[in-house]
Amino acid sequence: MALRAAAPSTPTRVLIVDDSAAARAMFKVIVESDPALKVMAAVPDAYAAARAMRTELPDVILLDLELPGMDGLTFLRKIMQQHPIPVVVCSSHVGAGSDAMVAALELGAREVISKPAARNDLERQEASIRICDAIRASSETERRRSQPEPRPLAPGPKLTADEILPARPPRSVPDTMPVVCIGASTGGTEALRDVLTALPASAPPIVIVQHMPRGFTAAFARRLNSLCAIEVLEAEDEMQVLPGRAIIAQGDRHLLLRRRNQGYRVSVLDGAYVCRHRPSVDVLFRSAAQEAGANALGIIMTGMGDDGARCMAEMRAAGAETIAQNEETCVVYGMPREAVAHGGIQKVEPLDRIAVRITEFGRRFAERMVR
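Residues numbered from 1 in each chain as written. Predicted model: local features only at pLDDT ≥ 70, side-chain atom pairs only at ≥ 80, totals over all residues. Heavy atoms only, no water.

Ranked by internal contacts, the top residues of the largest apolar core, which has 61 residues, are Leu 15, Leu 196, Ile 206, Met 301 and Ile 358. When residues of this core are assigned to their parent elements, the largest contribution, six residues, is made by helix H11 (residues 351-370). In this structure, this core is formed jointly by two domains, domain 1 (12-140) and domain 2 (166-370), each of which donates at least three residues. Discounting chain neighbours no more than four positions away, the residues touching Leu 15 are Met 40, Ala 41, Val 43, Ala 49, Ala 52, Met 53, Pro 58, Val 60, Ile 61 and Leu 62. Val 207, Val 241, Ala 249 and Leu 284 belong to the second largest nonpolar core, which has 38 residues in total. (Core = buried A, V, L, I, M, F, W, Y, C linked by side-chain atoms within 4.5 Å. Buried < 20%, exposed > 50% of the residue type's maximum accessible area, 1.4 Å probe, protein only. Helix = DSSP H or I, 4+ residues; strand = E, 2+ residues; numbered from the N terminus. Domains from an automatic or database assignment. Contact = heavy atoms within 4.5 Å.)

This is the structure we're talking about:
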């Protein structure tokens, strides 16, 4: 029987691969709660998944890594070698398996999320939203259609950066070092790898918010650190911001830039979800507008929603240079589009030019200091 793919007007078809019957039942309920999604099949291992795919290809695979027989990483590698399909990895082994989670991203997984514990109604709701949003975002790249406005990551009112850091005029910062602030979400793990691995060891200081859950960011930073000429670290409170160093926000904690004399340190804070995210790009960008002003470069990259758009405009108003990743190279052109719409963007660049712009930004400041 010939393989067939879903027409753009049909729901996104999802193949669930998990050895737990209870997990498969849970995922079926979650996926089918979204009218834009449909469960094609739910199977216990990679071999059953391969059999299901002989007659019909799913639009997205929801994949556990702990599988009998052939493990999930091996199956993922085979998928990407033989017939690439968007894969969302969902595993409960976040702590012990977090290096494998980052390896999954490098093998081509579109998103890696933690399997929900769902201890109460609130956690079940948040887990359902994360999983459905990840599946819909993963299918976006293949279908290249407009992404509908996602449901909120966190329930309740959509809060602004005021919840964490009240708005105020930027400080006078004539003598501080340059600093680069980057925000990204869906598709950002791969995009950040492309940018950071292209930077020289002399790159200016970089502070990053990538939407990731708790437990993933330490392994993500370690993996990038092993690949990059610059040092890449997961944020710790009061960590010094230095040339040749990139600091990545902890999952589930906000990250702020703080001025210290002519340099900066970071603050790691708990607090409310902002733009339904924690960490929030808006929180980082507001702190950069206030603490670094015209000595900052703000970059917003691939991701759903509008986190970062409002406070990117604040960075530009404070004199910072601002860049958005272009639509053609984004997995999801949501956050950059909103930043442009809010008037916060000076330049739109393809992914392969962003590292060049960061290097040029650092060089201009170095030349100014020499003069």
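In spatial order, the strands read S8-S10-S7-S6-S13-S14-S15; together these seven strands make up an open sheet with parallel pairing. Looking at which strands have only one partner, the edges of the open sheet turn out to be strand S8 (231-234) and strand S15 (347-349). Averaged over neighbouring strand pairs, the angle between their axes works out to 20° when direction is ignored. Two elements, strand S6 (residues 179-184) and strand S13 (residues 296-300), share five bridges in a ladder whose sense is parallel. (Pairing = 2+ DSSP bridges. Axes fitted to C-alpha atoms, helices over the stretch in contact; angles between N-to-C directions.)

Interaxial distance between helix H8 (residues 281-291) and helix H9 (residues 309-317) falls to 8 Å at its minimum, and their mutual angle equals 10°. Classified by the angle between their axes, H8 and H9 sit roughly parallel to one another. In this structure, H8 meets H9 at a crossing whose hand is left-handed. For the pair formed by H8 and H9, the contact residues are Asp 282, Phe 285, Arg 286, Ala 288 and Ala 289 on the first element and Ala 309, Arg 310, Cys 311, Met 312, Glu 314 and Met 315 on the second. A breakdown of the residues in the contact of H8 with H9 according to their chemical character gives seven nonpolar, no polar and four charged. (Parallel < 35°, antiparallel > 145°, perpendicular 65-115°, else oblique. Left-handed = near helix turned anticlockwise from the far one by under 90°. Nonpolar A, V, L, I, M, F, W, Y, C, P; charged D, E, K, R; others polar.)

Read these as geometric descriptors, not functional statements.
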